[in-house]
Amino acid sequence: MKLNTGNRYSHRITPLLYVIGVLFLAILFFSNDFGLVDIQKTAIILAVGVDREENSFVVTSQIAVPSASPDSKASAEAIQVETRGETIGAAIQKINEKTGWYPKLVFCNLILLGNGALEKNVFECLDFFLRNDYMSDDCLVCCCEEKAGKLLSTQTSIEKVSSLAVVKILSEHPAKAGLAAPVTLREFAAGYFGGGSGVLPVLKAQPLSEPPEPNGSGETGRNKGGEDENNAQQQTGGESGQTSGGQNGNDTEETFTAAETALFSEGMYRGKLTEEETFALQFVRDGMRLAALNVEYAGVQYTLLIKKGSANVKFYVDEYAAPRLYVSLEMKAGLQDASSSQTINEIASPEKLNEAVLSQAKEKLSRLLKSTFEKSRALGCDVFDVKSRLQKYEPAYYSAYRDSVLERLLFYTETKISPAR
């Protein structure tokens, strides 16, 4: 009788094959780049600034520079490479010609449009990035009132790489606090192709230290010696052509702000919202969390802390065929500070707000919402997505009102404040 011994060792051979396979893959992983481009041959673009000069595009690419040593503990660094072309794509490809590095947009997190780009349809500058398969739609887009390349070259104290500093002020917390209205490439494109409108934060450079405001007597509130020293420093800086922030202009301590918001209609720049109007717009778009609201009552300045806030937007056409937009704000807030001294009971109970102060806060928010809507309506910019709401909630009126709904619209607001416990 012949014994079947073929399967006797099969249970031992199978694990051995797995081990051999894992070792083989590990060797491949640590010894082969699988066709990936070497980092030393790649231009990793972190941000792109776009300017226009007549019929050509001027593209300033901020490129990450790899450390010379893998053990280097130095912070991230970047260089600016300026290229020109009749299209954005042609200008980007010239990076390879200038540096020998192949440009990669996978890690690009910021597109900055300069003042020249705002003179025409901005999507003549943005369509390249929408077509690029390796470009993320979550890339932030903003604009400025000067040359984009100049602003990207700004030295900041917050980050050594300027684009990283910009991304910080356009992150989630500043947005929830109403300090900026960040917009991604996907959101701006959806507004442009969906309703023809859109908004972008306006990026500006400003000194890290704000100068003191002069009072009525012309004094700054500093002691005389401090004033004389400050004036002497300013005079010396003016004579030598240097700034007070350092030994040369590049050492000036600056940072960025994006508190204002640009309005666009059909891709064209129309105007901008103020800082307070941007605050109101952000309240409706994303709600609020840990945001400060300043109000004045009886000559005293109060700062309210909005711990949590949300907006409810309702659109409908009434029985008289009039389109209406109703915006309701709800928030939980408490007193954070006041410019006058308070009693111990008032300090211990910040949730107990004076009714008159609450009334001023409600009135201010309603006024800002109306100002935001009326300014955007006058400029033909649909910041509250009225056209899409018309199509979604009142489709029977869409064909008749789609071109005139902003002019016909009746706008209402209401604000509710409850104590934050």
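The structure presented is a predicted model; accordingly, all values stated were derived computationally and were not measured.

## Let's talk about the overall build of the protein
The helix and strand tally for the protein stands at 14 helices and 13 strands. For the protein, the residues scored as buried account for 39% of the 421 residues in total. Considering only intrachain contacts with a sequence separation of at least 6, the fraction spanning at least 24 residues in the protein is 69%. Accessible surface for the protein amounts to roughly 24,300 Å². Of this, 51% is attributable to carbon and sulfur atoms.

## Side note on the environment of Gly-309
With respect to the secondary-structure elements, Gly-309 resides in strand S11 (residues 300–317). When its relative accessible area of 11% is taken as the criterion, Gly-309 is described as buried. The sequence separation of Gly-309 and Ala-291 amounts to 18 residues, and the corresponding C-alpha distance is 8.9 Å. Residues in contact with Gly-309, not counting those within four places in the same chain, are Phe-283, Gly-287, Met-288, Glu-330 and Met-331.

## Some details on the confidence of the model for the protein
For residues with low pLDDT, the predicted coordinates do not support detailed interpretation. Taken over all residues, the pLDDT of the protein has a mean of 82, while the share at 70 or more is 79%. Within the model, the stretch residues 216–250 combines pLDDT values under 50 with 22 contacts to residues more than four positions away or in other chains.

## Here we look at a positive patch on the surface
Taken together, the side chains of Arg-289, Lys-308, Lys-332, Lys-352 and Arg-421 make up a positively charged region of the molecular surface. Within the secondary structure, Lys-332 is located in strand S12 (residues 323–338). Since its relative accessible area comes to 43%, Lys-332 is described here as partly exposed.

## A short note on the pattern of salt bridges
Evaluation of the coordinates by the stated rule reveals 16 salt bridges. Across the pair Arg-52 and Glu-124 runs a salt bridge, and its minimum N-O distance is 2.5 Å. One end of the pair, Arg-52, is in strand S1 (residues 42–53); the other, Glu-124, is in helix H3 (residues 123–131), with 72 residues separating them in the sequence. Arg-52 gets classed as buried once you look at its relative accessible area, which sits at 11%. Within this structure, Glu-53, Glu-82, Arg-84 and Lys-147 form a network of salt bridges that share partners.

## Re the pairing of strand S7 (residues 197–207)
Where strand S6 (residues 140–144) lies against S7, two bridges are found, and the strand directions are parallel. Each residue of the ladder has a partner; that of Cys-143, found in S7, is Val-202. Note: S7 against strand S8 (residues 254–265), ten bridges, orientation antiparallel. Following the sheet pairing, Gln-206 is matched in S8 by Thr-255.

## What about the nonpolar core?
Judged by nonpolar contacts, the single largest core of 80 residues is most densely connected at Leu-113, Leu-126, Phe-129, Ile-306, Leu-325 and Phe-384. Ignoring any residue separated from it by four or fewer positions in sequence, one finds Phe-384 in contact with Leu-281, Val-284, Leu-325, Leu-369, Thr-372, Phe-373, Arg-389 and Phe-411. Among the nonpolar cores identified, the runner-up in size contains 17 residues, and Cys-144, Leu-170, Leu-203 and Phe-256 belong to it.

## Focus: the pairing of S1
As a general feature of sheets, a regular strand has side chains that alternate between the two faces. By the criterion of burial, S1 is predominantly enclosed, with eleven of the twelve residues buried. In terms of strand pairing, S1 meets strand S2 (residues 56–65) through eight bridges, oriented antiparallel. From the neighbouring strand, Glu-53 faces S2, where its bridge partner is Ser-56. The turn joining S1 and S2, which pair antiparallel and follow one another in sequence, is formed by two residues; a positive phi near 55° is taken by Glu-54. Relative to strand S5 (residues 110–113), S1 runs parallel, the two sharing four bridges. In the strand pairing of S5, Val-50 is matched with Leu-113.

## As for the environment of Ser-197
Looking at the secondary structure, you find Ser-197 in strand S7. The exposure class of Ser-197 is buried, given its relative accessible area of 11%. When the C-alpha atoms of Ser-197 and Asp-385 are compared, they prove to be 8.5 Å apart, with 188 residues separating the residues in sequence. Residues within four places of Ser-197 in sequence aside, it is in contact with Gly-191, Tyr-192, Phe-264, Gly-380, Cys-381 and Asp-382.

## Quick notes on the side chain of Arg-52
At 2.5 Å, the side chain of Arg-52 forms a polar contact with the side chain of Glu-124. Contact partners of Arg-52, with chain neighbours within four places excluded, come to Phe-57, Gly-116, Ala-117, Lys-120, Glu-124 and Cys-125.

## A word on a nonpolar patch on the surface
On the surface, a nonpolar cluster with roughly 310 Å² of combined accessible area is contributed by Leu-16, Leu-17 and Ile-20. Following the sequence through the fold, Leu-17 ends up in helix H1 (residues 10–31).

## Some points on the packing of aromatic side chains
Per the counting criterion, the structure on display carries eleven aromatic pairs. Plain terms: the ring middles of Phe-373 and Phe-411 are 4.5 Å apart, the flat faces sit at 5° to each other, and that makes the pair stacked. Within this pair, whereas Phe-373 is found in helix H11 (residues 355–378), its partner Phe-411 is found in strand S13 (residues 410–419), the two being separated by 38 residues in sequence. Just as Phe-373 is buried, Phe-411 falls in that class too. Pairwise contacts between aromatic rings join Phe-123, Phe-188, Tyr-192, Phe-193, Phe-264 and Tyr-269 into one cluster. One Lys or Arg, Lys-104, reaches over the ring of Tyr-134 and ends 5.8 Å from the middle of that ring. The ring of Tyr-316 carries Lys-314 above its face, with NZ or CZ at 5.5 Å from the centroid.

Procedures and definitions
- Residues numbered from 1 in each chain as written.
- Predicted model: local features only at pLDDT ≥ 70, side-chain atom pairs only at ≥ 80, totals over all residues.
- Heavy atoms only, no water.
- Helix = DSSP H or I, 4+ residues; strand = E, 2+ residues; numbered from the N terminus.
- Buried < 20%, exposed > 50% of the residue type's maximum accessible area, 1.4 Å probe, protein only.
- Contact = heavy atoms within 4.5 Å.
- Areas by Shrake-Rupley, 256 points an atom, 1.4 Å probe, with all protein chains shown as cover.
- pLDDT = per-residue confidence, 0-100.
- Patch = residues over 30% accessible without salt bridge, like charges linked within 9 Å, V, L, I, M, F, W, Y side chains within 5 Å.
- Salt bridge = Lys/Arg side-chain N within 4 Å of Asp/Glu carboxyl O.
- Lys, Arg positive; Asp, Glu negative; His and termini not counted.
- Charge placed at Lys NZ, Arg CZ, Asp CG, Glu CD.
- Pairing = 2+ DSSP bridges.
- Core = buried A, V, L, I, M, F, W, Y, C linked by side-chain atoms within 4.5 Å.
- Polar contact = N/O pair within 3.5 Å; in protein donor to acceptor, adjacent residues only side chain to side chain.
- Phe/Tyr/Trp six-rings, centres within 6.5 Å; stacked < 30°, edge-to-face > 60°.
- Lys NZ or Arg CZ within 6 Å of the ring centre and 35° of its normal.

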